[in-house]
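The residues making up each chain are set out below.
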Amino acid sequence: MSLQNFMLLSAVLFSVGLYGVLTRRNAIAVLMSIELMFSAVNVAAVAFSRYATPSALRVDPATVAEGAVQQVLTGQVFALFIITVAAAEAALGLAIIIAVYRSRGTVDVTQVNLMKR
Amino acid sequence: MTGHDVYLLAPEIALAGLAGLVVLLDLITRRKGLVGGVALLGLAAPLVFSLVLWGEVNQDGALPGVFGTLVVDKFALFFKLVVLAVVAVVILGSADYVSRFQRYQGEFYALVLFSATGMTLLAATTELITIYISLELTSLPLAALAAFLRDERSTEAGLKFLLLSALSSALLLYGMVLVYGYAGSTQLGDIARAVAQGGMPFGSPAVLAGGVLMAAGFGFKIAMFPFQMWVPDVYEGAPTPVTAYLSVASKAAGFAVLLRVFYVALAEVSLDWSALFAVLSVLSMTVGNLVAMGQSNVKRLLAYSTIAHAGYILVGLAAIAARTPDGSSGLGPSGVLFYLGAYAATNLAAFFAIIALTSKTGSDEIEGLAGMGKRAPVVSAVLAFALVSLIGIPPTAGFMGKLYLFNAAVHADMVWLAIVGVLNSVASAYYYLRVVRVLYVSSNDSQERVSTSVQVRLALALSGLGVLFLGLFPGPLLLVTEAAVKVLLPAA
């Protein structure tokens, strides 16, 4: 497996997510598609942290300086933070979707157009 | 985390602590006015911490800390002070409006304060992960605030804001990860070094794609064309104090991080993105102004006006090459900071005047403001004055701000950009003055006077005097902004 494969996977996931955001009518499905885009970013972040950091670091982690190890882990830490924030975003999103459903009885985003003129 | 890190984060810790305190207080007291009072007076703590830090930065220079994720410098402190001032005026001016939230007034203040914590943090961050976290800390409470009234319009505004904000976050993150993959680090300084060594135009395709995606993500926050679709609906549907807060504080924080990322991390390829932002600037102001002309709802009108103003402020961002006659650069970013301050005062004055005028009628239509010149002379005068400042006519803050921005464009050999900006300002007079005409010339059957509370009058007086002061004496603030942007520029 090379970095290219992971980048390709990430780009495909991102595009599928974006397509879902643009075509889905159910607000929850839109939210799920956005989560897919976040996952694409996570794949890229972790792949970069494995492949794109200086090659010397991958030979023997025991011999490298502490700061360098930190750098190797940056991508993985990034992914962890993205997962956490995405969870918070989903929680708030679902809360707002429930509020929308209570006020108008639908979660179809094409029906949520009171102010469009 | 060392003690020093806690000291550097003191304003943010104080703000978040205040938010928690407000929620707790809301639980135990029945006097809702007390909650707002505590939220307002409690702002003194972060203010004092920020001023103490300013004193230290003034003596010793920038203070980096917290594992190199942020730096407390004059640039960051300038935005902390602007955000604190805006929050104070918003809390003061919401005093009447919050009665509509019934039981949930404490939560309203707490969400405003949490969002402010994110904004103050955002201006200080120098690392991509921290930038992302601060950005989400800023926008998630804002989405909750937009849906706060829980009626059809408000929830619609909240849903649109949340979904589009999450989408823009995804674009931003993809851009950040591409840049991280290229540079091998998320520190802005390391990225700048990696891009400088790249040699190719824009470093590499990864940095080009990353830069464009990041510009898109931040463009959403500052309501820049073509990421402005959410603005009118969210502004119209959200509670008006939230709209006021969103339009000034969120925009200021967005520009802070945009300046930091592009001036520090991508300084090497500045000519490339300078052209990009110049084009987006022209499109933003033209689209904003043209669509604003057809609006009949005053909140929607101000929403398109804010898109146009994002365009004016982008002029300063594009003018990175601007140099003053004495050889020092920084005219563009310093103009951006000044304009953000001036715009904050102006827009707050406009929005709180509208809150006061529409509190009786409950409608945001421009026609509903007819005859208000007689029914509420002082508030109408403030509104008219704020609108004049948005056009950019002296002696107002808006005039001075535009003068400096367009001056920066001229010094950066972008005379065409300054001309487009001036033409747009002239065109914008049409729809701003239409509101003023309705206020004073149109008549209304009702002659009943519109009364306002002391708090709202105070908020109006503070922001209105701010507009006048910055219009007559721009010198002090300009000295501060010029000192603040020094950290963005390469050491001479």
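See the structure above.
Reading guide: rules and limits
Residues numbered from 1 in each chain as written. Chains lettered and ligands numbered in written order. Predicted model: local features only at pLDDT ≥ 70, side-chain atom pairs only at ≥ 80, totals over all residues. Heavy atoms only, no water. Helix = DSSP H or I, 4+ residues; strand = E, 2+ residues; numbered from the N terminus. Phe/Tyr/Trp six-rings, centres within 6.5 Å; stacked < 30°, edge-to-face > 60°. Buried < 20%, exposed > 50% of the residue type's maximum accessible area, 1.4 Å probe, protein only. Lys NZ or Arg CZ within 6 Å of the ring centre and 35° of its normal.

(A) Looking closely at the environment of Val112(B). The topology assignment puts Val112(B) in helix α6 (residues 105-122). Taking C-alpha positions, Val112(B) is 25 Å from Val66(B), a pair spaced 46 residues apart along the chain.

(B) Structural view of the packing of aromatic side chains. Taken as a whole and assessed by the stated rule, the structure comprises 20 aromatic pairs over all chains. Plain terms: the ring middles of Phe262(B) and Trp273(B) are 5.4 Å apart, the flat faces sit at 75 degrees to each other, and that makes the pair edge-to-face. Of this pair, Phe262(B) sits in helix α12 (residues 240-265) while Trp273(B) sits in helix α13 (residues 270-292), and the two are eleven residues apart along the sequence. With respect to class, Phe262(B) is no different from Trp273(B); both count as buried. Taken together, a centroid distance of 6.4 Å and an interplanar angle of 20 degrees make the contact between Tyr339(B) and Tyr343(B) stacked. Separated by four residues within a single helix, Tyr339(B) and Tyr343(B) lie in helix α15 (residues 331-361), roughly one turn from each other. By relative accessible area, Tyr339(B) is classed as buried at 2%. By the ring-pair criterion, three or more aromatic residues cluster together here, those being Phe161(B), Phe220(B), Trp230(B) and Tyr235(B). Across from the ring centre of Tyr51(A), 5.3 Å away, lies the NZ or CZ of Arg50(A), which sits over that ring. The ring of Tyr312(B) carries the charged tip of Lys402(B) above its face, separated from the ring centre by 4.3 Å.

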